[in-house]
Amino acid sequence: MFIVIHNVSIPFSVIFISIRSIKHDLQGEMRETKWLSAGYQDLLGICMRLALVDAMYPDEKPFLVLDDPFVNLDEEKVVHGNELLSKIAGEYQILYFTC
């Protein structure tokens with residue numbers, strides 16, 4: 001699956017990411033993110049934030065603070081999310097908060 005993200009706004013005074021629409025390659029249509037489940041919206045946000053960290057710190061590896069990033073995911077996606085964090089933990093120090 002390949003996703004193209006459009007209309008991304010990232011003001012640097014406060015790190016806030018707004019994703020308005022995505023393009024999914026299987027159907028090639030633009031979809032507003034409000035139609036995605038809360039879990040998929042969270043996944044897009046995580047991906048955008050990780051990409052932002054890579055772009056902002058190309059020569060450094062800052063620590064990452066994650067506050068319950070998988071709260072809206074189903075059990076299968078939580079397992080895959082934890083696998084992703086395990087891979088990322090090879091490069092970054094991760095502080096993971098959950099309730």
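Residues numbered from 1 in each chain as written. Predicted model: local features only at pLDDT ≥ 70, side-chain atom pairs only at ≥ 80, totals over all residues. Heavy atoms only, no water.

**Quick look at the pattern of salt bridges**
Part 1 of the reasoning: For the coordinates displayed, the defined rule picks out two salt bridges.
Part 2 of the reasoning: Note that Lys61 is salt-bridged to Glu91, the shortest N-O span being 3.2 Å. Here Lys61, found in the loop between α1 (38–56) and β4 (64–67), pairs with Glu91, found in the loop between α2 (75–88) and β5 (94–97); they are 30 residues apart in sequence, far enough to count as distant.
Part 3 of the reasoning: Relative accessible area serves as the criterion here: at 42%, Lys61 is assigned to the partly exposed category.
Part 4 of the reasoning: Linking Asp74 and Lys77 is a salt bridge whose minimum nitrogen-to-oxygen distance equals 3.2 Å. (Salt bridge = Lys/Arg side-chain N within 4 Å of Asp/Glu carboxyl O. Helix = DSSP H or I, 4+ residues; strand = E, 2+ residues; numbered from the N terminus. Buried < 20%, exposed > 50% of the residue type's maximum accessible area, 1.4 Å probe, protein only.)

**Quick notes on the packing of aromatic side chains**
Part 1 of the reasoning: Going through the model one piece at a time under the given rule, you end up with one aromatic pair.
Part 2 of the reasoning: A ring pair is formed by Phe70 and Tyr96, whose centres lie 6.3 Å apart and whose planes are at 45°; its orientation type is tilted. Here Tyr96 lies in strand β5 and Phe70 lies in the loop between β4 and α2, a separation of 26 residues in the sequence.
Part 3 of the reasoning: Here Phe70 falls in the buried class, since its relative accessible area comes to 6%.
Part 4 of the reasoning: Note on Tyr96: relative accessible area 35%, which makes it partly exposed. (Phe/Tyr/Trp six-rings, centres within 6.5 Å; stacked < 30°, edge-to-face > 60°.)

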